[in-house]
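Examination of the molecular architecture
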Amino acid sequence: MKKLLLLLFVAMATTTFAQNQINFESGNFDFLKDQTEVNVQLKFDNAVYQEKNFTEAQYIENRKADITAKKSEAVWKNWEFQWGNFKASEYLNYFFKGINSKSKKVTFKNDTKAKYTLIIDAKWIYAGWYGGMIGSQEAKLTADMTFVETDNPSNVVMRLQADKIQGKKMNKDFAWEYGRIAGAYEVTGKKLGAEIKKVIK
């Protein structure tokens, strides 16, 4: 019985480790060796949410019903604003915070005239949960990460995947899902930056 439990634990630990990482699909980082900046673009067109793979519209509809029932219309309005704000800029800012703390030779920015652009296309987002003193669960992010030539996006130079990257505790908005999701973007940036740092020294 003990051996069975040990095997089960090892299998679970291995599965968790295998998921919470950056997977290389094609290409390598050599194209960055003579670069100082990379442009970054986020996409959410194909993202689904939670274990049930809700569309964004379904997820927001569920959250609206929950927040207005348990809190108030004013709290919902603020949530709706923050959700849009984080998608528009904060997730990107958290990603930059993560990757630029690791990748010192190449700076990642948005709206820059860099030769290459990194497109982070979110595929699955788990928002986690917050229970105060009871505990909490960090968000997770799965995303396709594609480096392309900025002026010729059809020319793909590298493909990677962020596979169920788990966010971190805590940031000032961790109590809300957009804050937890931002943490997953930050950790994704750190993991990618660490991989780049191994090559670009």
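Sequence order as written defines residue numbering, which begins from 1 separately in each chain. Per-residue local features of the predicted model are confined to residues with pLDDT of at least 70, and side-chain atom pairs are confined, for both listing and counting, to 80 or more; whole-chain, interface and lining totals are unaffected and use all residues. Side-chain numbers come from the whole structure's heavy atoms, not from hydrogens or water.

Under an unreviewed UniProt entry, the protein chain has the name DUF4468 domain-containing protein and belongs to Chryseobacterium shigense.

1. What to know about the pattern of salt bridges
By convention in these notes, a salt bridge is any Lys or Arg side-chain nitrogen within 4 Å of a carboxyl oxygen on Asp or Glu. As enumerated under the stated definition, the model contains twelve salt bridges in all. With a closest N to O distance of 2.4 Å, E177 and R63 form a salt bridge. Residue E177 is found in helix α4 (residues 177–199), and its partner R63 is found in helix α2 (residues 56–70); the two are separated by 114 residues along the sequence. The class of E177 is buried, set by a relative accessible area of 2%. Residue classification places R63 among the buried positions, given a relative accessible area of 16%. To qualify as a helix, a DSSP run of H or I must reach at least 4 residues; to qualify as a strand, a run of E must reach at least 2; elements of each kind are numbered from the N terminus. When accessible area is computed with a 1.4 Å probe and restricted to protein chains, residues below 20% of their type maximum are described as buried, those above 50% as exposed, and intermediate ones as partly exposed.

2. Observations regarding the packing of aromatic side chains
Each Phe, Tyr or Trp ring, with Trp reduced to its six-membered ring, pairs with another whose centre is within 6.5 Å; inter-plane angles below 30 degrees give stacked pairs, above 60 give edge-to-face pairs, and intermediate values give tilted ones. According to the stated counting rule, one finds 19 aromatic pairs in the structure shown. Look at W79 and W83: their rings are 5.0 Å apart centre to centre, the planes differ by 15 degrees, and that puts the pair in the stacked class. Of the two residues, W79 and W83 are both situated in helix α3 (residues 73–99); the distance of four residues between them amounts to about one turn of the helix. For the pair W79 and W83, one class covers both residues: buried. An aromatic cluster is defined as three or more aromatic residues linked by ring pairs; in this entry it consists of F44, Y49, Y59, W76, W79, W83, F86, Y91, W176, Y178 and Y185. Sitting above the plane of the W124 ring, K164 keeps its charged end 5.5 Å from the centroid. Remark: a charge is flagged as sitting over a ring if the NZ atom of Lys or the CZ atom of Arg is within 6 Å of the ring centre and within 35 degrees of the ring normal.

3. Quick word on the side chain of D121
Residue position: D121 is located in strand β5 (residues 116–126). A polar side-chain atom of D121 sits 3.2 Å from a polar atom in the side chain of K123. Residues are treated as being in contact if the distance between any of their heavy atoms lies within 4.5 Å. Sequence-distant contacts of D121, defined by excluding residues within four places in its chain, comprise K43, N46, A143 and D144. Under this definition, polar contacts are N or O atom pairs within 3.5 Å; protein pairs additionally need one hydrogen-donor-capable and one acceptor-capable atom, and for neighbouring residues in sequence, both atoms have to be side-chain atoms.

4. Some remarks on the nonpolar core
Core analysis: the biggest nonpolar cluster contains 48 residues, and Y91, F95, F108, L118, F147, Y185 and L192 have the highest contact counts within it. Listed by contribution, the elements that provide at least two residues to this core are β2 (37–43), α2, α3, β5, β8 (140–149), β9 (152–166) and α4. Counting residues per element, this core draws most heavily on α3, which supplies ten residues. Ignoring sequence-local partners within four residues, the contact set of F108 consists of V38, V40, F96, I99, N100, S103, L118, F147 and I196. Take the buried Ala, Val, Leu, Ile, Met, Phe, Trp, Tyr and Cys residues and link them wherever side-chain atoms come within 4.5 Å; each set so joined is a nonpolar core.

5. Considerations on α3
When the terminal C-alpha atoms of α3 are compared, their 37 Å separation across 27 residues agrees well with the 39 Å that a helix rising 1.5 Å per residue should span. At F86, α3 shows its largest bend, some 55 degrees. Among the residues making up α3, those that are buried are W76, W79, Q82, W83, F86, Y91, L92, Y94, F95, F96, G98 and I99. Helix span, expected: 1.5 Å multiplied by one less than the number of residues in the helix. Bend angle per residue: angle between axes fitted to the 7 residues ending at that residue and the 7 residues starting there.

6. Details of the pairing of β9
Taken together, the five bridges between strand β1 (residues 21–26) and β9 define a ladder with antiparallel strand orientation. The residue of β9 that forms the bridge with S26 is R159. DSSP calls a pair of strands paired once it identifies at least 2 bridges connecting them. Sheet topology note: the β8/β9 ladder contains nine bridges and is antiparallel. Note that in β9 the partner of V148 across the bridge is V156. The loop that links β8 with its antiparallel partner β9 comprises two residues.

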